[in-house]
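Breakdown of the fold
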Amino acid sequence: MATLRGEQGSVEFETGSGSLATVVGTRSWSLTIDKDTYDTTVHGNTFRQFVGGLISGSGTVELVYDPDATGQAGFLEDVVKVNDAADASFELFTTGSSTGTDSVSFGGIITSMEITSTVGELVVVSCNFITSSTITSNLE
Amino acid sequence: MAAADLNSIRATIEGRLATELAGSPVIPVVFHNMAYEPTPNSSWVQCLTSFGASEYLGQGLTTNSQNRVVGLVVINIFSGKGVGPGANYVIGKRIRDLYNRVIVSGVYFDAPIGPEALASPAPEGYFQTQVRVTFESIEEL
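Residues numbered from 1 in each chain as written. Chains lettered and ligands numbered in written order. Predicted model: local features only at pLDDT ≥ 70, side-chain atom pairs only at ≥ 80, totals over all residues.

**Description of the overall build of chain A**
Check the secondary structure of chain A and you find 1 helix and 7 strands. Once local pairs closer than 6 in sequence are excluded, the contacts in chain A between residues at least 24 apart make up 60%. (Helix = DSSP H or I, 4+ residues; strand = E, 2+ residues; numbered from the N terminus. Contact = placed C-beta atoms within 7 Å.)

Structural data, given as structure tokens:
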């Protein structure tokens, strides 16, 4: 058994024209994967039944803002990309940063970015994203 | 990117105070682990810098990660007994202004607390006030 702590995680991102690289300064990430379900219940069934359908994902990456931190600018400014072709790539790691290990990877679109500056606190950025196309899970 | 140099942070904090109090009027200042025999009824300052519990800031373990290093500067201001607080508070203002919301060499100083008058001066024989300033620095690994 090996439990993990959040500080072991990391986020890699590429905006569509480079290669995946660590976004320095991430504080947290979350990912929710949803699967549609279709009702296949027919006359005579006693219990309702379903089949799985389309799969989609969405989530959030939170950063401690640092304009000089490697990868941050490209990440948080991806939201202002016009005619976004969903060509950005994400890999969210629960631990380490070995491609394809303890991670979830997918293409996606950053759909919103919020930067917050509050007296006495660090400036933080929160970016929401949705997945597009295949989600590859390597969480086992 | 490197682990925080706590001695460098200490030097930044104490050096700022030493430089200020070396200006006119000169006020003697002592720091941790320094012997000092004060002149009776004179004004002098004691500066004690200490570090507290660091906090996680960013993900990434020992590379591409950040910690918040926090600490406290306690500055005791001593002045002559039985002559009122004025002289002491003049020094207190100099010290308070020195750190008030200042960012220097990567050290962020918060709004100071005090000067607060202490009922039981240590050492005895002086009027004592205390200025406390919390600070933080971001450690980038």
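**Remarks on the overall build of chain B**
When helices and strands are tallied, chain B shows 2 helices and 8 strands. In sequence order, chain B lays out its α and β elements as α-β-β-β-β-α-β-β-β-β. With the principal axes as the frame, chain B shows a C-alpha extent of 55 × 25 × 25 Å. Evaluated residue by residue, chain B yields a buried proportion of 33% over its 141 residues. Put simply, 58% of the contacts in chain B that link residues at least 6 apart link residues at least 24 apart. (Buried ≥ 20, exposed ≤ 12 C-beta atoms within 10 Å, placed from the backbone.)

**Comments concerning unusual backbone geometry**
A cis amide bond links Ser-24 of chain B with the next residue in sequence, Pro-25 of chain B, at an omega value of -10°. Inspection of the secondary structure puts Pro-25 of chain B in the loop between helix H1 (6–21) and strand S1 (29–31).

**Things to note about the sheet that holds strand S5 (residues 88–93) of chain A**
Residue and element names in this part refer to chain A. Taken in spatial order, the 7 strands line up as S2-S1-S5-S6-S7-S4-S3 in an open sheet, and their pairing is antiparallel. Of all strands in the sheet, those with a lone pairing partner are strand S2 (21–22) and strand S3 (26–39), marking the two edges. Sheet topology note: the strand S1 (residues 10–14)/S2 ladder contains 2 bridges and is antiparallel. The partner of Phe-13 across the bridge, within S2, is Ala-21. (Pairing = 2+ DSSP bridges.)

**Concerning the interface of chain A and chain B**
Taken together, the contacts link 11 residues of chain A with 8 residues of chain B. Of the residues assigned to the side of chain A that touches chain B, the class counts are 2 nonpolar, 7 polar and 2 charged. (Nonpolar A, V, L, I, M, F, W, Y, C, P; charged D, E, K, R; others polar.)

**What to know about H1 of chain B**
One turn of the α-helix equals 3.6 residues, which is why residues spaced by three or four share an orientation. Its 16 residues place the ends of H1 of chain B 23 Å apart at the C-alpha level, agreeing with the 22 Å of an ideal helix rising 1.5 Å per residue. Among all positions of H1 of chain B, only Ile-9, Ile-13, Arg-16, Leu-17 and Leu-21 of chain B are buried. (Expected span 1.5 Å × (residues − 1).)

**Here's the deal with the environment of Gly-114 of chain B**
All names here are of chain B. Its location among the elements puts Gly-114 in strand S7 (residues 113–117). For Gly-114, a count of 17 C-beta atoms within 10 Å translates into the label partly exposed. Residues Gly-114 and Gly-52, 62 residues apart in the sequence, show an inter-C-alpha distance of 20 Å. Among all residues touching Gly-114, those that are not within four sequence positions of it are Gly-92, Thr-129, Gln-130, Val-131 and Arg-132.

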